[in-house]
Amino acid sequence: MCTYATTRLSVDGSGKGAEGWFGLTDASVYLDHPVHAPAGHTLNIDFLNPAAGPGARVAVELTAESARRLAAAIVAALDSAPPGLV
Amino acid sequence: MYDAVLAETVNIHGDGGDVIEAYAARPLDPGPRGGVVVIHHMPGYDASTKEITRTFAVNGYNAICPNLYSREAPGAAPDDAAAAVRAAGGVPDDRLVGDVAGAAAWLRALTTANGKIATIGYCSGGRQSFLAACRLDLDAAVDCYGAFVMDAPPEGAPVKMTPVVGQAANLSCPVLGLFGEDDAYPSPDEVKRLDEELTRLGKDHEFHSYPGAGHAFFSVDRPAYRPEAAKDAWGRIWDFFGRHLAG
């Protein structure tokens, strides 16, 4: 199905897209049909700057298992940072 | 046999007179011939949908696929445009109907047109094809595994789409439904109830459901592709259009 289920959040940072680096303002996280990944449904993340147009986008499509590993790795990396660093 | 086909991007007038992009493919012999409006799936106005549009031309129909995401993302790559529209909750129903009406008018104005028009849509476009047939004067409509025609989205789901079966009394043309038995949206039970409702309303329709196939079984570039189902279903389409678009 086309889920349209989307979590939208504001983010602060940079991403590298088709035309180089740009500042990020938003991200969409959703489980839906991928464009490229060989799977029926994937966990998709779009890092965006809508003010710069639809092409200001860094996209990933991950299998559910790899998305969970990524989420855990992100949390683990942040938790392991030395005190005061972040 | 002369079999030249012209395929090109054109501008058409969509809902509200807006100029939107579309991909058109048509045989170059004199015709006359029927026209097909191809309604793309949620991932957008992409290479595979353009290939489907060309397939209709190769098989003797004037065909056009409006880019339903033209307004939100003019000139953007199909996947970027789909992401932007998706984040906004999809295409509004009234605008979809207006864009399909504009595409149908473009087809009817061709010198090779015989005046007959069909719609065909895939995935979210399946529901939109059914919707267009309820709201526009058409000659045939094909719904390829469209969800939320009969049932509302699951409770709590953020999908803005609403069922269109309530408008089915206004169907203007026969409907061909092509479904996968392994699909959950629409499920076989939902397809069965839609079939029964159209029978109750006295609406000309034929449904085919394929074992071993799920959602998107026509998609040759996705793991959901099921060649046996797709080949049979293409045959059903040619038979259906042969009967309803001849003129």
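Residues numbered from 1 in each chain as written. Chains lettered and ligands numbered in written order. Predicted model: local features only at pLDDT ≥ 70, side-chain atom pairs only at ≥ 80, totals over all residues. Heavy atoms only, no water.

## What to know about the overall build of chain B
Piece 1. When its secondary structure is counted, chain B shows six helices and eight strands.
Piece 2. Secondary structure elements of chain B occur, N-terminal to C-terminal, as β-β-β-α-β-α-α-β-α-β-β-α-β-α.
Piece 3. For chain B, whose C-alpha radius of gyration is 17 Å, the value lies close to the compact-globule estimate of 18 Å for 247 residues.
Piece 4. Principal-axis analysis of the C-alpha atoms places the extent of chain B at approximately 50 × 35 × 35 Å.
Piece 5. The buried share among the 247 residues of chain B stands at 54%.
Piece 6. Here the analysis covers contacts within chain B between residues at least 6 apart in sequence; of these, 69% occur between residues at least 24 apart.
Piece 7. For chain B, the exposed surface amounts to about 9700 Å²; the carbon and sulfur share of it is 50%.
Piece 8. Averaging the locations of the 21 positively and 33 negatively charged side chains of chain B gives two centres separated by 2 Å. (Helix = DSSP H or I, 4+ residues; strand = E, 2+ residues; numbered from the N terminus. Rg over C-alpha atoms; globule rule 2.2 N^0.38 Å. Buried < 20%, exposed > 50% of the residue type's maximum accessible area, 1.4 Å probe, protein only. Contact = heavy atoms within 4.5 Å. Areas by Shrake-Rupley, 256 points an atom, 1.4 Å probe, with all protein chains shown as cover. Lys, Arg positive; Asp, Glu negative; His and termini not counted. Charge placed at Lys NZ, Arg CZ, Asp CG, Glu CD.)

## Notes on the sheet that holds strand 4 (residues 57-62) of chain A
Residues and elements named next belong to chain A.
Piece 1. The sheet built from four strands is open, its strands ordered 1-2-3-4 with antiparallel pairing. Two strands close off the open sheet at either side, each with one partner strand: strand 1 (6-17) and strand 4. Along the sheet, successive strands turn relative to each other by an average axial angle of 25 degrees, direction set aside.
Piece 2. On the sheet, helix 1 (residues 64-79) packs against strand 3 (42-48) and strand 4 and is oriented at approximately 120 degrees with respect to strand 4. (Pairing = 2+ DSSP bridges. Axes fitted to C-alpha atoms, helices over the stretch in contact; angles between N-to-C directions.)

## Section: the environment of B:Gly212
Residues and elements named next belong to chain B.
Piece 1. Counting through the fold element by element, Gly 212 comes out in the loop between strand 8 (205-210) and helix 6 (227-244).
Piece 2. Residue class for Gly 212 comes out partly exposed when judged on its relative accessible area of 41%.
Piece 3. Along the backbone, Gly 212 and Gly 180 are 32 residues apart, and their C-alpha atoms lie at a distance of 7.3 Å.

## Topic: the interface of chain A and chain B
Piece 1. The partner chain B presents 22 residues to the 21 residues of chain A that form the contact.
Piece 2. Together, the buried faces of chain A and chain B total about 1800 Å²; carbon and sulfur atoms form 66% of this surface.
Piece 3. If you look at where chain A meets chain B, you find three salt bridges.
Piece 4. B:Asp79 serves as the salt-bridge partner of A:Arg57, at 3.6 Å between the closest nitrogen and oxygen.
Piece 5. Put simply, chain A and chain B have four residue pairs in polar contact (both at pLDDT 80 or more) between them.
Piece 6. Taken together, the elements giving at least two residues each to the side of chain A that touches chain B come down to strand 1 and strand 2 (20-32) of chain A. (Buried area = accessible area lost by both parts, 1.4 Å probe. Salt bridge = Lys/Arg side-chain N within 4 Å of Asp/Glu carboxyl O. Polar contact = N/O pair within 3.5 Å; in protein donor to acceptor, adjacent residues only side chain to side chain.)

## So, the pattern of salt bridges
Residue and element names in this part refer to chain B.
Piece 1. Within this structure, the stated rule accounts for 19 salt bridges over all chains.
Piece 2. Among the salt bridges present, the one from Asp 18 reaches Arg 71, with a minimum N-O distance of 2.7 Å. In this pair, Asp 18 is assigned in the loop between strand 1 (5-13) and strand 2 (19-27) and Arg 71 in the loop between strand 4 (62-66) and helix 2 (78-87), connecting sequence segments 53 residues apart.
Piece 3. One salt bridge in this structure joins Asp 94 and Arg 135, with 2.8 Å as the shortest N-O distance. Linking Asp 94 in helix 3 (residues 93-108) with Arg 135 in helix 4 (residues 124-135), this pair joins segments that are 41 residues apart in sequence.

## What about the pairing of strand 2 of chain B?
Consecutive residues of a regular strand have side chains that alternate between opposite faces of the sheet.
Residue and element names in this part refer to chain B.
Piece 1. By the bridge criterion, nine bridges tie strand 1 to strand 2 in an arrangement that is antiparallel. If you follow Ala 7 over to strand 2, its bridge partner there is Ala 25.
Piece 2. Counting the residues between successive antiparallel strands, the hairpin from strand 1 to strand 2 contains five residues, one of them, Gly 16, with a positive phi of roughly 70 degrees.
Piece 3. As defined by bridge partners, strand 2 adjoins strand 4 across four bridges and the pair is classed as antiparallel. In the sheet register, Tyr 23 faces strand 4, and the bridge partner there is Cys 65.

## Let's talk about the layout of surface pockets
Empty space left among the atoms is revealed by rolling a probe the size of a water molecule over them.
All names here are of chain B.
Piece 1. Quantified by volume, the largest pocket comes out at close to 560 Å³.
Piece 2. Considering the residues around the largest pocket, the lining is formed by 35 residues, among which Tyr 145, Ala 216, Phe 218, Ser 219 and Arg 222 are closest to the centre.
Piece 3. Listed by contribution, the elements that provide at least two residues to the lining of the largest pocket are helix 1 (47-58) and helix 6.
Piece 4. No other element matches the five residues that helix 1 contributes to the lining of the largest pocket. (1 Å grid on protein atoms, 1.4 Å probe; cavity = no way out; pocket = protein on both sides within 12 Å on 5 of 7 lines; lining within 4 Å. Points joined across faces, edges and corners; volume = space filled by probe spheres on them.)

## Brief notes about the sheet that holds strand 7 (residues 175-180) of chain B
Residue and element names in this part refer to chain B.
Piece 1. Within the open sheet, the eight strands sit side by side as 1-2-4-3-5-6-7-8. Their pairing is mixed. Each having just a single partner strand, strand 1 and strand 8 make up the two edges of the open sheet. Adjacent strand axes in the sheet meet at a mean angle of 20 degrees, parallel and antiparallel pairs treated alike.
Piece 2. The sheet contacts of helix 5 (residues 188-200) involve strand 7 and strand 8, and relative to strand 8 the element is tilted by about 165 degrees.

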